[in-house]
Amino acid sequence: MGCYDCCMRCLGRVPYCSLAATLLCFSGIALFCGCGHQALTETERLIETYFARNQKDYDTLVYIIEYFQYFIYGLASFFFLYCIILLAEGFYTTSAAKQTFGEFRSTMCGRCLSSSFIVMTYLLAALWMLVFAFSALPVYFFYNMDATCHTIDVLTETPTSINQLCVDARQFGLLPRDAVPGKACGMTLSTVCKTREYRMTYDLYIAAFAGAGITLLSLVHCSLNLAVNQVFLRSMKHRAKEESRGYDLYGRLQRDRGGTLCSPYPPTSSETLQPR
């Protein structure tokens with residue numbers, strides 16, 4: 001029974017909301033960074049194979065992809081450390097941990113640190129909304145490309161109209177205006193859409209977009225959880241102060257009355273008739 005009580009006490013001290021937000025953030029960042037990194041590599045391969053013949057036409061794109069991949073490395077490291085810190089903050093601010101340290105007491109430094117984490121997480125969630133919106137752009141590009149390929153498959157009986165259906169990478173800023181050919185049309189585009197590289201790249205961008213959404217959800221959840229914990233701790237601290245003030249008033253009145261407290265109201269008839 002003692003082991004059971006110890007296990008229940010340990011489980012009661014776990015900040016489940018912070019733990020859930022941390023796991024969501026880890027999974028979202030892993031999905032975004034892993035799939036995004038591989039999708040960028042496959043995009044470079046698709047552009048090099050089907051949309052550009054001269055290496056100078058896609059050199060700028062290669063440099064941009066490398067910068068984004070380095071950014072993904074730094075982003076993964078930052079979020080790994082930040083999620084661990086947020087989980088530690090969740091353990092610190094949970095009510096069960098506060099009961100261990102005594103009557104919901106927290107120092108001024110601890111309260112300022114918790115407030116700063118709330119502000120930082122909120123600002124990080126606001127910035128991550130831009131990353132979430134930016135990750136939708138390649139999904140939109142491949143969605144248009146997939147829709148065009150589906151139209152080509154439907155119109156296979158009229159080859160003249162098929163050659164007018166194209167996807168121009170120059171319109172999306174992936175290649176310069178003078179890139180040759182810069183676009184894929186007709187059956188060439190249909191062949192591109194049926195390749196394994198295209199399907200895998202499309203799926204990787206969708207997974208990266210989903211990972212960005214999961215990360216945004218975890219940041220919002222974490223900021224709300226920290227704010228709720230802060231409000232709860234302040235309310236419990238205020239309640240503890242009120243209780244201690246009531247106890248002090250009771251002790252003061254007891255000392256003033258000589259050790260006993262008597263009712264200020266006159267005794268009722270039933271109390272006067274009771275035998276002593």
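Up top is the structure these notes are about.
### Overview of a nonpolar patch on the surface
And then number 1: A cluster of nonpolar side chains, Ile 64, Phe 68, Phe 71, Phe 134 and Leu 137, forms an exposed patch at the surface whose accessible area comes to about 460 Å².
And then number 2: For the nonpolar patch, the element with the highest residue contribution is helix 3 (residues 59–93), accounting for 3 residues.
And then number 3: Tracing the backbone shows Phe 134 in helix 5 (residues 108–134).

### A few points about the nonpolar core
Within soluble globular proteins, side chains that are nonpolar tend to cluster in buried spots.
And then number 1: Core analysis: the biggest nonpolar cluster contains 54 residues, and Phe 32, Phe 79, Trp 128, Met 145, Leu 175 and Leu 189 have the highest contact counts within it.
And then number 2: When contributions to this core are tallied by element, the ones reaching two or more residues are helix 2 (16–51), helix 3, helix 5, helix 6 (136–154), helix 8 (186–193) and helix 9 (196–256).
And then number 3: When neighbours within four sequence positions are excluded, Phe 79 is seen to be in contact with Cys 25, Phe 26, Ile 29, Leu 124, Trp 128, Thr 215 and Leu 219.

### Observations concerning the packing of helix 6 against helix 8
And then number 1: For the pair helix 6 and helix 8, interaxial distance at closest approach is 9 Å and the crossing angle is 120°. Classified by the angle between their axes, helix 6 and helix 8 sit oblique to one another. The two elements helix 6 and helix 8 cross, and the hand of that crossing is left-handed. Contacts from Met 145, Thr 148, Cys 149, Ile 152 and Asp 153 in helix 6 reach Gly 186, Met 187, Leu 189, Ser 190, Val 192 and Cys 193 in helix 8.
And then number 2: Class assignment for the residues of the contact of helix 6 with helix 8 results in 7 nonpolar, 3 polar and 1 charged.

Each value, and the rule that gives it
Residues numbered from 1 in each chain as written. Predicted model: local features only at pLDDT ≥ 70, side-chain atom pairs only at ≥ 80, totals over all residues. Heavy atoms only, no water. Patch = residues over 30% accessible without salt bridge, like charges linked within 9 Å, V, L, I, M, F, W, Y side chains within 5 Å. Areas by Shrake-Rupley, 256 points an atom, 1.4 Å probe, with all protein chains shown as cover. Salt bridge = Lys/Arg side-chain N within 4 Å of Asp/Glu carboxyl O. Helix = DSSP H or I, 4+ residues; strand = E, 2+ residues; numbered from the N terminus. Core = buried A, V, L, I, M, F, W, Y, C linked by side-chain atoms within 4.5 Å. Buried < 20%, exposed > 50% of the residue type's maximum accessible area, 1.4 Å probe, protein only. Contact = heavy atoms within 4.5 Å. Axes fitted to C-alpha atoms, helices over the stretch in contact; angles between N-to-C directions. Parallel < 35°, antiparallel > 145°, perpendicular 65-115°, else oblique. Left-handed = near helix turned anticlockwise from the far one by under 90°. Nonpolar A, V, L, I, M, F, W, Y, C, P; charged D, E, K, R; others polar.

That's the geometry; what it means functionally is another story.
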